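Residue-level structure breakdown
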Amino acid sequence: MSATNNRSSTTMSLHHRTTNPPPPQQNLLPLVVTLNCIEDCAIEQDSLSGVASIEHVPLSRLSDGKIESAAAVLLHSLAYLPRAAQRRLRPYQLILCLGSADRAVDSALAADLGLRLVHVDTSRAEEIADTVMALFLGLLRRTHLLSRHTLSASGWLGSVQPLCRGMRRCRGLVLGIVGRSASAKSLATRSLAFKISVLYFDVHEVFICAF
């Protein structure tokens, strides 16, 4: 009878292990939070793969506690961060300022808040080119006026036509770019795709080049 009980106990134990697998091991990687405007953090995830866990925190989720639990925080400018987000940063965190436009202001603010801020030289050429191209196209096609007007107007088609005056096509235009920085080259690539001719002028080398 003892042997039977032992076999029953062994069977029950094996059944318990089969039906109730052990909980998965928790992620032990440190959390790095991004407070950028762009939610897509695929580049950061690829760069820190296996080193840290990356998560974007929008301003609408400041109260989730993610910022406080992060080991490091990525942002572009501490001064431009809303005050509500600044107050959630902690002295034990490493605050990485990526390509800050005004280092002195960010450094002074970090000192007042008691934060460890490190300026990181990083190229935002692609993001700058995207934004400039979007603004340029918006001016040519007057999308900022059309969008605002069509959302508020009742006689949609008839009332919107006067706003279309002055609208221009992209192809055949010439875009002048002063300087040959990485963002300028990225903007030129996008402009050529829209069949816009590009004229470079380098103020340092007195260099003119047309594409």
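Before reading further, recall that the structure is shown in the block above.
Report follows, based on the coordinates. (Residues numbered from 1 in each chain as written. Predicted model: local features only at pLDDT ≥ 70, side-chain atom pairs only at ≥ 80, totals over all residues. Heavy atoms only, no water.)

**Here we look at the nonpolar core**
Grouped together as the largest cluster of nonpolar side chains are 19 residues, with contacts concentrated most on Leu-35, Leu-75, Leu-78 and Leu-89. Sorting the residues of this core by element identifies strand E1 (31–34), strand E3 (72–75), strand E4 (94–98) and helix H5 (103–113) as the ones contributing at least two each. Among residues more than four places away in sequence, those in contact with Leu-78 are Gln-86, Leu-89, Cys-97, Asp-106, Leu-109, Ala-110, Leu-113, Leu-115 and Leu-117. Within the second largest apolar cluster, 13 residues are counted, among which are Leu-173, Ile-177, Ala-184 and Ile-196. (Core = buried A, V, L, I, M, F, W, Y, C linked by side-chain atoms within 4.5 Å. Buried < 20%, exposed > 50% of the residue type's maximum accessible area, 1.4 Å probe, protein only. Helix = DSSP H or I, 4+ residues; strand = E, 2+ residues; numbered from the N terminus. Contact = heavy atoms within 4.5 Å.)

**Looking at the pairing of strand E6 (residues 174–178)**
The two faces of E6 differ: Leu-175 and Ile-177 on one face are buried, but Val-174, Gly-176 and Val-178 on the other face are not. As judged from the five bridges shared by E6 and strand E7 (residues 197–202), these two strands associate in the parallel manner. Within E7, the position partnered with Ile-177 by the bridge is Tyr-200. (Pairing = 2+ DSSP bridges.)

**What about H5?**
The complete set of buried residues in H5 reads Asp-106, Leu-109 and Ala-110. One side of H5 holds all its buried residues, which, seen down the axis, span an arc of 100°. In H5, those exposed residues whose orientation departs by more than 90 degrees from the buried face are Ala-104, Ala-111 and Asp-112. Along its buried surface, H5 packs onto helix H4 (83–86), E4 and strand E5 (116–120). Directly after H5, the chain includes Gly-114, whose backbone phi takes a positive value near 70°. (Arc of directions from axis to C-beta.)

**Remarks on the pattern of salt bridges**
This structure, assessed with the given rule, holds six salt bridges. Its salt-bridge partner being Glu-55, residue Arg-61 comes within 3.2 Å of it at the nearest N-O pair. Note on Arg-61: relative accessible area 29%, which makes it partly exposed. By relative accessible area, Glu-55 is classed as partly exposed at 22%. Here Glu-68 ties to Arg-88 by a salt bridge, and the two come within 2.7 Å at their closest N and O atoms. Pair noted here: Glu-68 is in helix H3 (residues 66–69) and Arg-88 is in the loop between H4 and E4, with a separation of 20 residues, a long-range link. Bridged by salt links that share partners, the residues Glu-55, Arg-61, Asp-64 and Lys-66 form one connected network. (Salt bridge = Lys/Arg side-chain N within 4 Å of Asp/Glu carboxyl O.)

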